[in-house]
Amino acid sequence: MITQIKGLHHVTSMAAHAQQNSDFFTKNLGLRRVKKTVNFDDPQVYHLYYGDEFGTPGSVMTYFPFPHIAPGRPGTGEVGDTYFAVPRGALKFWKDRLVAQEVSGLDESEVFGEKRLRFDGPDRDSFSLIEVDNDSRSGWQSGDIATSEAIQGFRGASLRLQDSAATSELLRFMGYQQVDSQGNHSRFAISGGNGADIIDIETLQQADRARPGAGSVHHIAFAVEDRAAQLEVRKALLDTGYQVTPVIDRDYFWAIYFRTPGGVLFEVATNEPGFDRDEDIKHLGESLKLPSRYEPHRAQIQQQLEPITD
Ligand code: ZN
């Protein structure tokens, strides 16, 4: 078992419309857009990052808005639901707010002893707000959302799998422990994490595999403190037989990727250097940032991107 993983780092999904996506996460959910850059592997597409004031690992929801992408079809082998943590008592505020904003898919329930409010994202992405006690993280105070209600970061995510055995074993290897189960749902948690500590597995033996598209999660990333810890995790995964990519520079963190037995793409990302690497904290996410190799092509890249107004 490895001990370097500290919970989630970010969750990356696909969207159909950049402006609609930015509006939903900043205006409806009150997250801060902490970076406006491009997909480093496909610079004609934005990579938009939303999180708390600093883009703290464990709070960062990111999107590739692909114009003309078809909607995804939910199924197995993917992330099912992404969970955001909110303070105890905040769900009433959120229910009223999301109803007033005509957000679809609202459903209140209690799962694993926690109150949650499920809702759809702009591409029918599946999210839940979960009331959590003793979460010391404070959300980004913006507009009409007070810190007593603001999203504090991720609580975690659920995986939908045809067979959970191998992925459960992988999570245990990564430092997670199974802490509960309910029907076909198993809950794993990491101790000493950053708050984004939960992974649930929903086992659906008969379901079809997901077809990725708009509203689908592309991958989830787990946090490690620094590059030394990342190299230790990479070696441990390779020694266990996983095919892991080399370390890739994503400017705001360093990344490695590997496909899990259930089909979900996992990443391990460093907490360093962070989103203030190339712009002041006061102005995060305002101007288009490009990795240095694309800087000479800025004018051409900018022309191909749909403008985003705030
Ligand atoms: Zn990523």
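Residues numbered from 1 in each chain as written. Predicted model: local features only at pLDDT ≥ 70, side-chain atom pairs only at ≥ 80, totals over all residues. Heavy atoms only, no water.

Peer 1: Can you help me understand the sheet that holds strand β15 (residues 253-259) in this one?
Peer 2: Spatial strand order, β2-β3-β4-β1-β13-β16-β15-β14: eight strands in an open sheet with mixed pairing. The open sheet has two edge strands, β2 (32-39) and β14 (248-249), and neither has a second partner. Pairing geometry for β2 and strand β3 (residues 42-51), over seven bridges, is antiparallel. When the sheet's bridge partners are listed, Thr37 is paired in β3 with His47. Against the sheet, helix α1 (residues 18-28) contacts β1 (8-15), β2, β3 and β4 (60-65), and its axis sits at roughly 10° relative to β3. (Pairing = 2+ DSSP bridges. Helix = DSSP H or I, 4+ residues; strand = E, 2+ residues; numbered from the N terminus. Contact = heavy atoms within 4.5 Å. Axes fitted to C-alpha atoms, helices over the stretch in contact; angles between N-to-C directions.)

Peer 1: How should I be thinking about the coordination of the zinc ion in this particular structure?
Peer 2: Note on metal sites: the ideal angle is 109.5 degrees for four tetrahedral donors, and 90 or 180 degrees for six octahedral donors. Binding of the zinc ion to the protein goes through His10 (NE2), His219 (NE2) and Glu267 (OE), at separations of 1.9 to 2.0 Å. In the primary structure, the donors to the zinc ion are separated according to the pattern H-x208-H-x47-E. Of this pair, His10 sits in strand β1 while Glu267 sits in strand β16 (residues 265-273), and the two are 257 residues apart along the sequence. Pair check on accessibility: His10 and Glu267 agree, each one buried. (Donors = N, O, S within 2.8 Å, 3.2 Å for Na, K, Ca; no water. Buried < 20%, exposed > 50% of the residue type's maximum accessible area, 1.4 Å probe, protein only.)

Peer 1: Just checking my understanding: could you explain the pairing of strand β8 (residues 126-132) for this structure?
Peer 2: Both faces of the sheet carry side chains from a regular strand, because those side chains alternate between them. Most of β8 sits out of view: seven of its seven residues are buried. With burial as the criterion, each face of β8 is covered, one bearing Ser126, Ser128, Ile130 and Val132 and the other bearing Phe127, Leu129 and Glu131. Note: strand β5 (residues 78-87) against β8, six bridges, orientation parallel. Residue pairing in the sheet places Phe84 in a bridge with Leu129 of β8. Note: strand β7 (residues 114-120) against β8, five bridges, orientation antiparallel. By the bridge assignment, Arg116 is partnered in β8 with Ile130. Counted between consecutive antiparallel strands, the loop separating β7 from β8 contains five residues, among which Arg124 sits at a positive phi close to 60°.

Peer 1: How should I be thinking about unusual backbone geometry in this particular structure?
Peer 2: Glycine aside, residues mostly have negative phi angles, and peptide bonds mostly take the trans form. In the segment running from Glu272 into Pro273, the intervening peptide bond is cis, with an omega of -5°. You can see Pro273 is positioned in strand β16. With a phi close to 60°, Glu102 is a non-glycine residue in the positive phi region. Within the element layout of this structure, Glu102 appears in the loop between α2 (91-100) and β6 (107-111). Judged by its relative accessible area of 72%, Glu102 is exposed. Residues other than glycine seldom take positive phi values, yet Asn134 does so here, at roughly 60°. Position of Asn134 relative to the elements: it lies in the loop between β8 and β9 (153-161). Looking at Asn134, the relative accessible area reads 81%, which means it is exposed.

Peer 1: I keep staring at the sheet that holds strand β12 (residues 198-203) and nothing clicks. Help me out?
Peer 2: Across a sheet, strands are paired by hydrogen bonds formed along the backbone, either parallel or antiparallel in direction. Spatially, the eight strands line up as an open sheet ordered β6-β7-β8-β5-β9-β12-β11-β10, and their pairing is mixed. Across the chains shown, the open sheet's two edge strands, defined by having one partner strand only, are β6 and β10 (177-182). The average undirected angle you get between the axes of adjacent strands in this sheet is 25°. The sheet contact formed by β9 and β12 spans six bridges and is parallel. Bridge pairing links Leu159 to Ile201 in β12.

Note that every value here comes from positions in space, so none of it alone points to a role or purpose.
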